[in-house]
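# Understanding the architecture of this molecule
Residues per chain are reported as follows:
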Amino acid sequence: MNFYNEVLNALKSDERFFSDDGQLLRNAVYEAAMQMDAKLIKALYANEETRKHFFTDVDGIAVFDKVGFGWVINNREFLPDSYTRYKNKIGLVNNKGEYISASNDVELVFPYKDCVLEGGQTKEDQKRSEIFYNETLAPDEVDRLLYPKVFTNAKRYTADGVQNITDISENDNLIIKGNNLLAISSLLKAYEGKIKLIYIDPPFNTGSDSFRYNDSFNHSAWLTFMKNRLEIARKLLADDGSIYVQLDYNEVHYFKVLMDEVFGMDCFQREIIWDTQVLSGYKTMVDNWIRGHDTILFYTKRANGFTFNKQKMPHRKEYLDRFDKVDENGRKYFDGRGKIRYLDEAIANGKPVGDVWYDIMSFQQIPTAKERVEFSTQKPEALLRRIIQAATNEGDIVLDFFAGSGTTGIVAHKLRRKYIMCEQIDSQVLIQVKRATSVVLGTDPGNLANELNWQGGGSFVYCELAKLNQNYVDAIEKATTDEELTKLYADVLETGFISYKVNPKDIDVNSDEYIKLSIGDKKRLLMELLDKNQLYVNYCDIDDETFKISEEDKAFTRSFYGEV
């Protein structure tokens, strides 16, 4: 029998060394050997073959050769393919320096719950099969990952044009380009406890949107992605602030439980149903109830004492049809148990809005709306108007860190609220800037501009998180040839911004094993080499000449953090 099979047979007596699906946890075995684990040594000694190879008799005492055993465990025979061999040059450790795969003291409510999943895309058409760096970082590493970042390319847009700037005021509206987790982490220093309203319309995790997963924990990965952001969002909210999150059936029930955990069950206020049903086309052909609504979960920072301004909506037609009597002055009215109500007043006053919103049309229902842009998940301005007016007053700050086409910001602008929008995808940032510019100039085509008699005015500031390793992430995603990847590998090594868990000497790009890797596996390998704590430049490193931050960017960043 093959010697390696004998080793595996000896190890099978210990469930610590195998995953639920029967895969050998190589790191767990290695660490147990290095720690001279008694149970492991007894199992190896009990097997005749492993006893002969790994034990030496010294004056009647069996001495375990842990170094030799460690070499065998790290041998390629224990690894299923060449990519995995290279990947295992990179060890995932906890804050004690122990391999995560070897740890028995980690409890998870759902897989990856305690990870930080940076997540992100640079272009909508570059949809990663896995969008997260699924690495469990030690606490001090997480701190560095979420440090405030340096800003670059700052511009102020006004009716007079676009100007490069080196300062910012507390009254400026903001569009920030960059990963939204790192962007909102950077907001904490200047905006913690100051945001009155957060509205987000995150990826619904439908399976067909831009967020795809290659692991078996689809819901868990999405929930972890959201949890990381919600924890920071709660810190940003003012004590009387609110958060509205829009989802559909794919995740809303899981997400409700997550929101209860982060914000507290007593801070749940309402589940709002937005009726978007279109009774035409393919949807009516399904052999099931016709699906036609989104859910908006409304939570607050505190259970009581939050800002809320009641909103009105038009009465349904069937209600207005009840006003079928006419008085001597020709006014239609309805006599309800002796309480006369007039039609013109009912129409003018409307009725208080409940938690079912049927009066706001989606773009499926009004595909030719003037405000519509080329963005598939754009939300109507009327929807954001209702939420913003209910949760804020003029001058309050509104945040949307899944800004998409920018509807939240442009509605907030016209309602004279301040806003911050965060977005990473290039095409979406361009849409936001274009729409926000049209609002400043008073040329946007939305119905809301007509209703408010909006003539333009105000301004906004655009800036970007200063990229470091994120430049390499973008380049790796775009690469299509071996030559490009080999050059990128050399460039990454030259910068020195690689994970401390990697020894470059262990990776030989000229070896047969590396050459045989597919383009996809080479990309995965290069991604894992990058130090994820240095995707963007940290503010604390602003004066480090290595990062080549311009004096203009330094001045703007210091102004942003109030340290001029």
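Above this text sits the structure in question.
Residues numbered from 1 in each chain as written. Predicted model: local features only at pLDDT ≥ 70, side-chain atom pairs only at ≥ 80, totals over all residues. Heavy atoms only, no water.

## As for the pattern of salt bridges
Oppositely charged side chains may form a pair once their charged atoms are brought near each other. Stated formally: Between Lys or Arg on one side and Asp or Glu on the other, a salt bridge is scored when a side-chain nitrogen of the former is within 4 Å of a carboxyl oxygen of the latter. Counting from the N terminus, the helices are the DSSP runs of H or I reaching at least four residues and the strands are the DSSP runs of E reaching at least two. Each residue is assigned to one of three classes by its accessible area relative to the maximum for its type, calculated with a 1.4 Å probe on protein chains only: buried under 20%, partly exposed between the two thresholds, exposed over 50%.
Counted according to the given criterion, the structure contains 26 salt bridges. Between R331 and D344 there is a salt bridge; the shortest N-O distance is 3.1 Å. Here R331 is found in the loop between β11 (325–326) and β12 (332–336), whereas its partner D344 is found in helix α12 (residues 343–349), with 13 residues between them in sequence. By relative accessible area, which is 43% here, D344 ends up partly exposed. A salt bridge links R386 to D359; the shortest N-O distance between them is 2.6 Å. One end of the pair, R386, is in helix α13 (residues 381–391); the other, D359, is in the loop between β15 (356–357) and α13, with 27 residues separating them in the sequence. Accessibility expressed as a relative area gives 9% for R386, which makes it buried.

## What about the packing of helix α14 (residues 407–414) against helix α15 (residues 426–441)?
Put simply, the test is: Angles shown run from 0 to 180 degrees and are taken between the N-to-C directions of axes, each axis being a line fitted to C-alpha atoms and, for helices, limited to the stretch in contact. Oblique is the label for any angle not covered by the other classes, which are roughly parallel (under 35 degrees), roughly antiparallel (over 145) and roughly perpendicular (65 to 115). When checking whether two residues touch, look at their non-hydrogen atoms; a contact exists if any pair is within 4.5 Å. Three categories are distinguished: nonpolar for Ala, Val, Leu, Ile, Met, Phe, Trp, Tyr, Cys and Pro, charged for Asp, Glu, Lys and Arg, and polar for the others, with Gly belonging to the last.
With their axes 9 Å apart at the nearest point, α14 and α15 run at an angle of 10 degrees to one another. One element, α14, and the other, α15, form an angle in the roughly parallel class. When α14 is examined against α15, the residues T407, I410, H413 and K414 are found in contact with a partner set consisting of R435, A436, V439 and V440. Counted by class, the contact of α14 with α15 contains 4 nonpolar, 2 polar and 2 charged residues.

## Some thoughts on α15
What counts here: Multiplying 1.5 Å by the helix residue count minus one yields the expected span of that helix.
With 16 residues, α15 extends 23 Å from end C-alpha to end C-alpha; this agrees with the ideal 22 Å at 1.5 Å per step. Turning to α15, its buried residues number three or more, namely Q428, V429, I431, Q432, V433, R435, A436, S438, V439 and V440. Positive phi shows up at G442, right after α15, with a value of about 75 degrees.

## Focus on the sheet that holds strand β16 (residues 397–400)
Heads up, the rule is: Two strands form a pair only when DSSP identifies at least two bridges running between them.
Strand order in the open sheet formed by 11 strands is β4-β3-β18-β5-β17-β16-β6-β7-β9-β8-β15, with mixed pairing between adjacent strands. Either end of the sheet is taken by a strand with one partner, and the two such strands are β4 (161–164) and β15. Bridge analysis of strand β8 (residues 268–275) against β15 gives 2 bridges, and the strand direction is parallel. Across the sheet, residue W274 finds its bridge partner in β15, namely W357. Docked against the sheet, helix α10 (residues 252–263) engages β7 (237–247), β8 and β9 (293–300), running at close to 5 degrees with respect to β9. Sheet strands touched by α14: β6 (195–200), β16 and β17 (418–423). Its angle to β17, the strand with the most contacts, is close to 170 degrees.

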